[in-house]
Amino acid sequence: MNLTELTLTELRTALRRGETSSVAATQAILDRIVEQDNEIKSYLTITDEMALEQAAAADRRRANGEDGPLLGVPIAVKDIIATKGAPTTAGSKILEGFIPPYDAFVVQKLKEAGAVILGKTNTDEFAMGSSTENSGYFTTRNPWDLTRVPGGSSGGSAAAVAAKMAYAALGTDTGGSVRQPASFCGVVGLRPTYGRISRWGVIAFASSLDQVGMFGRTVMDTAVLFQAVAGYDKRDSTSLNIPVPDAAAALTGDIKGLRVGAPKEYFIEGIESEVETAVRAAIAQLEKLGAETVEISLPHTQYALPVYYLIAPAEASANLARYDGVRYGPRVEGADMIDSVKQTRALFGPEVKRRIMLGTYALSAGYYDAYYGRALKVRTLIKNDFKTAFEQVDVIAAPTSPTTAFKIGERADDPLSMYLADVFTLSVNLSASCGLSIPCGFDSKGLPIGLQLIGDTLQEATVLNAAYAYEQAARWDQQRLETAV
Ligand code: GLN
């Protein structure tokens, strides 16, 4: 049995049947990381010793007749999520050497479910970016083409799953950071509804938009991981105290009568023709499976980008005020206190500094109403667009990103073109819907294309089931497993 080829679901079955052990699977993945990750660079930290200990513990639990949703399954965690005893940098030099004394809620949930934690994956600094090029450490490469970006900010997690260096991974999605890299790397990426998962221990970027998401090689794998980590926790007052659906059981593949909306504002000039063709073909496939498609309109789509780039930097500027060299991470000693703070904060990279400046400006007296206040009002209009749309349809289908993976360096000096990579994902975050990206084909360069399926608030199971039906019919997942590096 080639252990790294198995999906998470297949590994669970093999473990349950006693055909393999968690130690064997963990070792196989760690070997693969040694073999592949010098090139791909998806991990910032590999917690190999801890992983093997957790794997041995999982095997002991199984030998005692225990089971768990992820018992013995090796998973990767984005480095913006706190892990007790393992470095957590958020991709920033300002947190270099920070070892949290506690686990984030989602890491606690992973451990309760019996998962093995392989290490911490690369991210754009504080999750600000769409390519991992803003990481304070290095750029991750796309496993399909090493000259290209894996997307971002959760690019390390997406690349690790695509290159079979983890069975699944956690990321975060504030404006598209799970769905866009999933699309670029040819894996499934789910962004659950805001509040669905406690963010306790997730380093804050933009608090009204941040949410943990997950990557899997298949829809089923993604659903299993979602279910394992989702839930309420009193330490995050924005988390929702409502039951988590049995997402895996909801994957019947039956979508007869499902109403699928194709928003006309998402099929516009500027989108690559091969992306449009693949996404339209995927929608036709959903129709063949019994869905009804309807053209819909989300009239305020064009404002999503400016609204996001006011609200997210405004919140980030407040959240990042805490990095002063006193409470977390390294401190650069200066002549006096102010000088020390100044020099320590100079450890932020250029994109983070840009966002702090944008955000501070948007919130400053005299500009607050014109920028931040107005952005909040337009956000409500965007929310209302979705509310109206979900009165007509159950799921919205659109491209995840207007292009496939771009070249490393191609957009690094042009923030606006980088921001455009998320033009189709931002609205989900602004409107508190949920969404996922699923592979729907390849362009002529052999790069994966992503179909985005968006659901109403808390409708993760509906979205996952639509994706599952599509996956079972289109079977891009199998092509992916054969051809990824
Ligand atoms: N690319 C977007 C940004 O730079 C979204 C990032 C994210 O979702 N974390 O802000």
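If you're wondering where the values come from, they're calculated on a predicted model, not measured in any experiment.

## Here's the deal with the pattern of salt bridges
- One pass over the full model with this rule turns up 21 salt bridges.
- Taking the shortest distance from any N to any O, the salt bridge between Asp236 and Arg199 comes out at 3.6 Å. Note that Asp236 is positioned in the loop between helix H7 (219-229) and strand E7 (259-263) and Arg199 in the loop between strand E5 (188-191) and strand E6 (212-216), a separation of 37 residues in sequence. When sorted by exposure, Asp236 lands in the same class as Arg199, which is buried.
- Where Arg354 meets Glu351, a salt bridge forms, and the shortest distance between an N and an O atom there is 2.2 Å.

## Considering the site of the ligand
- As a matter of local geometry, the ligand sits amid 15 residues, with Gly175, Ser177, Tyr308, Arg355 and Asp422 nearest to it.
- One of the side-chain nitrogen or oxygen atoms of Ser130 is found 2.9 Å away from a nitrogen atom of the ligand.
- A distance of 2.6 Å is found between an oxygen atom of the ligand and a side-chain nitrogen or oxygen belonging to Tyr308.
- In isolation the ligand exposes 290 Å². Once the protein is present, 100% of that is buried.
- Looking at the shell around the ligand residue by residue, the classes come out as five nonpolar, seven polar and three charged.

## Considerations on the packing of aromatic side chains
- Counted by the stated rule, this structure contains 17 aromatic pairs.
- On the numbers, 5.0 Å between centres and 50° between planes, the contact of Phe126 with Tyr323 is tilted. Of this pair, Phe126 sits in the loop between strand E3 (116-121) and helix H5 (155-162) while Tyr323 sits in the loop between helix H9 (304-319) and helix H10 (337-345), placing them 197 residues apart in sequence.
- Classification of Phe126 as buried rests on a relative accessible area of 0%.
- Geometrically, the ring pair formed by Phe442 and Trp476 is edge-to-face, given 5.8 Å between the ring centres and 70° between the ring planes. Placement of Phe442 in strand E10 (residues 434-442) and of Trp476 in helix H16 (residues 476-483) is noted, with a sequence separation of 34 residues between them.

## Quick look at the sheet that holds strand E2 (residues 74-78)
- Strand order in the open sheet formed by 11 strands is E1-E3-E2-E4-E6-E5-E10-E11-E9-E7-E8, with mixed pairing between adjacent strands. Strands at the two margins of the open sheet, each flanked by one partner only, are strand E1 (43-46) and strand E8 (292-296). Direction aside, the axes of adjacent strands within the sheet are offset by 25° on average.
- Relative to E8, E7 is paired through five bridges, and the arrangement is parallel. What sits directly across from Val260, in E8, is Thr293.
- Helix H3 (residues 48-63) contacts E1 and E3 of the sheet and is inclined by roughly 160° relative to E3.

## Some remarks on the environment of Gly349
- Mapped onto the elements, Gly349 comes out in the loop between H10 and helix H11 (350-363).
- Classification of Gly349 as buried rests on a relative accessible area of 13%.
- Sequence separation between Gly349 and Gly171 is 178 residues; the distance between their C-alpha atoms is 21 Å.

## Description of the state of the cysteines
- Within this structure, the stated rule accounts for zero disulfides.
- Take Cys185: it sits in no disulfide, and the sulfur closest to it among the cysteines is that of Cys440, at 15 Å.
- A disulfide-free cysteine, Cys434 has its sulfur positioned 18 Å from the sulfur of Cys440, the nearest such atom.
- When its relative accessible area of 0% is taken as the criterion, Cys434 is described as buried.

## Some details on the side chain of Arg355
- Relative to the elements of secondary structure, Arg355 occurs in helix H11.
- Classification of Arg355 as buried rests on a relative accessible area of 2%.
- In this structure the side chain of Arg355 is engaged in a polar contact, spanning 2.7 Å, whose partner is the side chain of Glu351.
- Setting aside its immediate chain neighbours within four residues, Arg355 contacts Met128, Gly129, Phe205, Tyr309, Pro313 and Tyr419.

## Focus on the environment of Phe386
- Secondary-structure assignment places Phe386 in helix H12 (residues 369-392).
- Residue class for Phe386 comes out buried when judged on its relative accessible area of 4%.
- Measuring from C-alpha to C-alpha, the distance between Phe386 and Asp456 comes to 7.7 Å, with 70 residues separating the pair along the chain.
- In this structure Phe386 touches Tyr266, Leu298, Ile396, Ser427, Ser431, Ser433 and Ile454, once residues within four positions along its chain are discounted.

## A closer look at unusual backbone geometry
- For the bond running from Gly152 to Ser153, omega is 5°, close enough to zero to count as cis.
- Its place among the elements puts Ser153 in the loop between E3 and H5.
- A positive phi angle, near 60°, is found at Lys41, a position not held by glycine.
- Within the fold, Lys41 resides in the loop between helix H2 (22-40) and E1.
- You can call Lys41 partly exposed: its relative accessible area is 30%.
- A positive phi angle, close to 65°, is found at Leu458, a residue other than glycine.
- Relative to the elements of secondary structure, Leu458 occurs in the loop between strand E11 (448-455) and helix H15 (460-474).

## A word on the packing of H2 against H3
- Relative to each other, H2 and H3 sit at 155°, their axes nearing to 8 Å. Compared by their axis directions, H2 and H3 come out roughly antiparallel. Taking contact as the criterion, the partners of Ser22, Val23, Thr26, Gln27 and Leu30 in H2 are, on H3, Asp48, Ala51, Leu52, Ala55, Ala56, Ala58 and Asp59.
- For the contact of H2 with H3, the per-class residue count stands at seven nonpolar, three polar and two charged.

## Quick notes on the nonpolar core
- With 139 residues, the main nonpolar core has Leu70, Val106, Leu110, Phe126 and Leu453 as its most contacted residues.
- If you tally residues by element for this core, the top one is H9, at nine residues.
- Aside from chain neighbours lying at most four places away, what touches Val106 is Ile81, Leu170, Ile197, Ser198, Val212 and Val229.
- Counting six residues, the second-largest nonpolar core is a separate cluster that includes Val149, Phe184, Ala405 and Ala421.

How each quantity is defined
Residues numbered from 1 in each chain as written. Predicted model: local features only at pLDDT ≥ 70, side-chain atom pairs only at ≥ 80, totals over all residues. Heavy atoms only, no water. Salt bridge = Lys/Arg side-chain N within 4 Å of Asp/Glu carboxyl O. Helix = DSSP H or I, 4+ residues; strand = E, 2+ residues; numbered from the N terminus. Buried < 20%, exposed > 50% of the residue type's maximum accessible area, 1.4 Å probe, protein only. Near = heavy atom within 4 Å. Polar contact = N/O pair within 3.5 Å; in protein donor to acceptor, adjacent residues only side chain to side chain. Areas by Shrake-Rupley, 256 points an atom, 1.4 Å probe, with all protein chains shown as cover. Nonpolar A, V, L, I, M, F, W, Y, C, P; charged D, E, K, R; others polar. Phe/Tyr/Trp six-rings, centres within 6.5 Å; stacked < 30°, edge-to-face > 60°. Pairing = 2+ DSSP bridges. Axes fitted to C-alpha atoms, helices over the stretch in contact; angles between N-to-C directions. Contact = heavy atoms within 4.5 Å. Disulfide = S-S within 2.5 Å. Parallel < 35°, antiparallel > 145°, perpendicular 65-115°, else oblique. Core = buried A, V, L, I, M, F, W, Y, C linked by side-chain atoms within 4.5 Å.

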